[in-house]
Each structure stands twice: as C-alpha cells, then as structure tokens.
Amino acid sequence: MKGRILIMAGSDSGGGAGIQADIKTVTMLGGFAMTAVTVLTAQNTLGVHEVMPVSPAFVIAQMRCVMDDLGVDAFKSGMLDRAEVIEAIAGVLMTAVGIPYVLDPVMVAKGGAALLQDSALSALKSRLLPLASVLTPNLPEAEVLLDRRIGNRMEMVAAAHDLLALGPRAVLLKGGHMEGDELVDVLLARGGAAEEFVTRRIHTRHTHGTGCTLASAIATGLGQGMSLRDAVVRARAYVHKAIAGAPGYGSGAGPLDHTAGMATWPS
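Cut-off values and rules
Residues numbered from 1 in each chain as written. Predicted model: local features only at pLDDT ≥ 70, side-chain atom pairs only at ≥ 80, totals over all residues. Heavy atoms only, no water. Helix = DSSP H or I, 4+ residues; strand = E, 2+ residues; numbered from the N terminus. Rg over C-alpha atoms; globule rule 2.2 N^0.38 Å. Buried < 20%, exposed > 50% of the residue type's maximum accessible area, 1.4 Å probe, protein only. Contact = heavy atoms within 4.5 Å. Areas by Shrake-Rupley, 256 points an atom, 1.4 Å probe, with all protein chains shown as cover. Lys, Arg positive; Asp, Glu negative; His and termini not counted. Charge placed at Lys NZ, Arg CZ, Asp CG, Glu CD. Salt bridge = Lys/Arg side-chain N within 4 Å of Asp/Glu carboxyl O. Pairing = 2+ DSSP bridges.

Q: Just checking my understanding: could you explain the overall build of the protein chain for this structure?
A: Check the secondary structure of the protein chain and you find eight helices and nine strands. Here the C-alpha radius of gyration of the protein chain, 17 Å, is about what a compact globule of 267 residues would show, namely 18 Å. If one aligns the C-alpha atoms of the protein chain with their principal axes, the spans along those axes are about 45 × 40 × 40 Å. Within the protein chain, the fraction of its 267 residues that count as buried is 55%. In the protein chain, the proportion of contacts linking residues at least 24 apart, taken out of those at least 6 apart, comes to 68%. For the protein chain, the computed accessible surface area is about 11,100 Å², with 56% contributed by carbon and sulfur atoms. Between the centroid of the 22 positive side chains of the protein chain and the centroid of its 24 negative side chains there is a distance of 4 Å.

Put into structure tokens, the structure is as follows:
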C-alpha cells in the first residue's frame, strides 16, 4: 500500500517546515501526501514574520473533499494555532474511527515565535490528545503539556507515562533539546514498557522542520501498515540522514535535505 496521508498543518514559505516539509517527507518515503492548510506563514530561516489564519470552515472543507474522494490511510497534524481550528478538526477526526492519527503539538517555531495561542492549549489537550494514535512532543512542548520541567532521561520516561495518561495511545517524547552529545527519544505505548532510542547528536544549526518531518515520516509508516515501532525506527533514521545532508541554506536555522538517502528508503 502506498499510504494516503492527510496532513493538517501550516504553510512555511521558506519550505523547511510545515506543509512543505510534510509533503517532501511523505513523498520521499513512498506515500501520497494530501493537505488541509490551517494557517499561512511568511517565514524563512530567521523566523516567522507574518501569519494569516485560514477559517475553520475552509480547513474542514479541505479535509472533507479529500476524505470523500481520495480516502485516507493516516492523519498527521502540525500547526493548529487556534481553538476553533482544533475543535473543527477534532469533529472530523471523530468520524474517522480506526485511521491512525499522529499529533505533533507544534507550539513554538525554531526562531522563538509562538505558533499556538494560549487559549488553544486547553482545546488541544481535551479534544485532540484523546484521539491521537501517537503524540510526538519535543521537551519544551511536553513541559507545557505537563506544566513542569523535564531535565534528564529518568524524568523523560516519567513524563512519557504522564503524557500517555492525557489520552493518546502512544507517546514519542523527543529529547533533542536536552544537553549533551547523546540524543535520546522515549517511545511508550499503552500496555507496554518505555523504550529509549539513542543516537549521536549532529552539531548543526540546520534543524528547521525536524519535528514536522519526523511526525510525517511516522504517519507515512503507519499509513503503509507498519507497526508503530517500525515506523518510528524508519522515521528517526530518515530524519538523521536529512539533518546530516542539510544543504546549508539561509542565515538562521536552515532546512534539512529531504532527499537524503532517497534511493534506499523502502515504501
């Protein structure tokens, strides 16, 4: 199965994150990317300069026309800036029983710009977390969701358990913001034990879009019928190669190379 992946997220005019990174990722991993744009941004490697919201009704119209005609094997959401958009998307997802949903709780851009309104956090937690097949927060996002600091690997495992208690069926807690040369991610699913994935950090400023890319790669794997663990393993390997091959564009946090290793990825 090719894997039809419907992505609800914001557009990044710089091409490094958001819908643009999502489409590249799904395509490079052999899936078929479809989109419902939630917000337009004017941004580059230096930051987000302007934001133009898309109405909840139009977000839903994009989702419905794709679902009714093309069909969906997995959903992925990224930047959902307003409670109204979150509520609308949740209403659609509730009708798509049994289809995997990867929730990347995008809150802050690499340059520091807030991408989730304060009023939307409650809606994200109450409406979308219980629908998610897997939640993929980085450490700052997990700290906001749990309202506490996470400072080491032991606290990451405890945080993964507490995030799971908020409703998702699985959590991949990403440790890229932790200090040190080792990069640790923690995967925990209901009824299972926490598993730690450890890689060596690539010291570079060109990491714009890593979260979007990882979540979309996981969604692609799930939409292609892979187990969660296998989807995570492939997604992490893909992101690692994409960071290592970053082209060096821009004066700030530059984009990845989504074509890195393109000849070797199984569909």
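Q: Explain the pattern of salt bridges here, please?
A: When the charged atoms of two side chains with opposite charge come close together, those side chains can pair. For the coordinates displayed, the defined rule picks out 11 salt bridges. Across the salt bridge formed by K174 and D104, the nearest N and O atoms sit 3.9 Å from each other. Of this pair, K174 sits in strand 7 (residues 170-174) while D104 sits in the loop between strand 5 (101-103) and helix 4 (118-128), placing them 70 residues apart in sequence. Overall, the relative accessible area of 2% leaves D104 in the buried class. One connected set of salt bridges, linked through shared partners, spans R153, E182 and E196.

Q: It is not clear to me how the pairing of strand 7 should be interpreted in this structure. Could you clarify?
A: For a regular strand, the rule is simple: side chains alternate between the two faces of the sheet. Taking burial as the measure, the five residues of strand 7 include five buried ones, the bulk of the element. What you see with strand 7 is no split at all: A170, L172 and K174 on one side and V171 and L173 on the other are buried throughout. Here strand 7 runs beside strand 8 (residues 182-189); their pairing, made up of five bridges, is antiparallel. Of the residues in strand 8, the one forming a bridge with L172 is L187.

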